Amino acid sequence: MIREAKREDLDALLELYLFLHEDSIPEKNSHLEETWEQIISDPNHHLIVCEVEGKIISSCVCVIIPNLTRNVRPYAFVENVVTHADYRGKGYATECLDFAKKIAGQENCYKMMLLTGSKRPETLNFYEKAGYNSSDKTAFIQWIGMDK
């Protein structure tokens, strides 16, 4: 089942993010709780999850960004695409991305963007099959206050 995350999904999401790039679950403190509340309450921040047999096994984030160009149409930014290692290759992340695209369409977005740090051909092919291309734009990243 594909759906947007609920408040009670925090622990499951933090566990899932261990399959993204995290090496530990953040400490439960007021900063984490306030950040979670900000995410879950923001109507432009869509945290999409795929649930199988009661377990969150895949997810992505889709943020709708208001915009003054392109006839004042917003755009969507997709981030944190992840699937539990035991469930990869079964289409769950594609379902999450399709759900994000549906949201972007409902919000009248003129484009969707995502970045990946992966150079693996299978990952890049996955994004291309999902409708993204790497030829229209060039991405630059500047890390602030942290090592890559």
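Residues numbered from 1 in each chain as written. Predicted model: local features only at pLDDT ≥ 70, side-chain atom pairs only at ≥ 80, totals over all residues. Heavy atoms only, no water.

## Looking at the overall build of the protein
Piece 1. Looking only at helices and strands, the protein has four helices and five strands in total.
Piece 2. For a compact globule of 148 residues, the expected C-alpha radius of gyration is about 15 Å, and the protein comes in at 16 Å, within 12% of that figure.
Piece 3. Here the C-alpha coordinates of the protein stretch approximately 40 × 35 × 35 Å along the principal axes.
Piece 4. Taking all 148 residues of the protein together, 31% fall into the buried category.
Piece 5. A sequence separation of at least 24 residues applies to 61% of the contacts in the protein between residues at least 6 apart.
Piece 6. About 9,900 Å² of surface is accessible on the protein, with carbon and sulfur atoms providing 51% of the total.
Piece 7. Averaging the locations of the 17 positively and 23 negatively charged side chains of the protein gives two centres separated by 9 Å. (Helix = DSSP H or I, 4+ residues; strand = E, 2+ residues; numbered from the N terminus. Rg over C-alpha atoms; globule rule 2.2 N^0.38 Å. Buried < 20%, exposed > 50% of the residue type's maximum accessible area, 1.4 Å probe, protein only. Contact = heavy atoms within 4.5 Å. Areas by Shrake-Rupley, 256 points an atom, 1.4 Å probe, with all protein chains shown as cover. Lys, Arg positive; Asp, Glu negative; His and termini not counted. Charge placed at Lys NZ, Arg CZ, Asp CG, Glu CD.)

## Overview of the sheet that holds strand β5 (residues 112-114)
Piece 1. Pairing in this open sheet of five strands is mixed, and the strands run β1-β2-β3-β4-β5 from one edge to the other. Here the strands that pair on one side only, and so sit at the sheet edges, are β1 (2-4) and β5. Across this sheet, the average inter-strand angle for adjacent strands is 30°, counted without regard to direction.
Piece 2. By the bridge criterion, eight bridges tie strand β2 (residues 45-52) to strand β3 (residues 55-65) in an arrangement that is antiparallel. Bridging across to β3, His-46 finds its partner in Cys-62. (Pairing = 2+ DSSP bridges. Axes fitted to C-alpha atoms, helices over the stretch in contact; angles between N-to-C directions.)

## Some thoughts on the pairing of strand β4 (residues 75-83)
Piece 1. Pairing analysis gives seven bridges linking β3 to β4, with the strands arranged antiparallel. The partner of Val-63 across the bridge, within β4, is Phe-77.
Piece 2. Chirality of the crossover, the property in question, places the unit of β4, helix α3 (residues 92-106) and β5 among those that are right-handed. (Right-handed = clockwise from strand over helix to strand, strands pointing away.)

## Regarding the pattern of salt bridges
Piece 1. In this structure the tally under the stated criterion is six salt bridges.
Piece 2. Between Arg-3 and Asp-9 there is a salt bridge, with its nearest N and O atoms 2.7 Å apart.
Piece 3. By relative accessible area, Arg-3 is classed as buried at 11%.
Piece 4. Residue classification places Asp-9 among the buried residues on the basis of a relative accessible area of 7%.
Piece 5. In this structure, the salt-bridge partner of Arg-120 is Glu-122, at a minimum N-O distance of 2.5 Å.
Piece 6. For Arg-120, a relative accessible area of 48% translates into the label partly exposed.
Piece 7. Salt bridges linked by common partners bring Arg-3, Asp-9 and Glu-51 together as one network. (Salt bridge = Lys/Arg side-chain N within 4 Å of Asp/Glu carboxyl O.)

## Points about the pairing of β2
Piece 1. For β2, the tally of buried residues reaches eight of eight residues, placing the bulk of the element in the interior.
Piece 2. The two faces of β2 match: His-45, Leu-47, Val-49 and Glu-51 on one face and His-46, Ile-48, Cys-50 and Val-52 on the other face are all buried.
Piece 3. Here β1 pairs with β2 via three bridges, running antiparallel. Its bridge partner lying in β2, Arg-3 is registered against Val-49.

## Quick notes on the nonpolar core
Soluble globular proteins: nonpolar side chains tend toward being buried together.
Piece 1. With 21 residues, the main nonpolar core has Ile-48, Cys-60, Val-78, Val-81 and Leu-97 as its most contacted residues.
Piece 2. Contributing elements (two or more residues each) for this core: β2, β3, β4 and α3.
Piece 3. Counting residues per element, this core draws most heavily on α3, which supplies seven residues.
Piece 4. Residue contacts for Val-81: discarding those within four places in its chain leaves Leu-20, Ser-59, Cys-60, Ala-93, Leu-97, Phe-126 and Tyr-127.
Piece 5. Residues Leu-10, Leu-16, Tyr-17 and Leu-32 belong to the second largest nonpolar core, which totals 13 residues. (Core = buried A, V, L, I, M, F, W, Y, C linked by side-chain atoms within 4.5 Å.)

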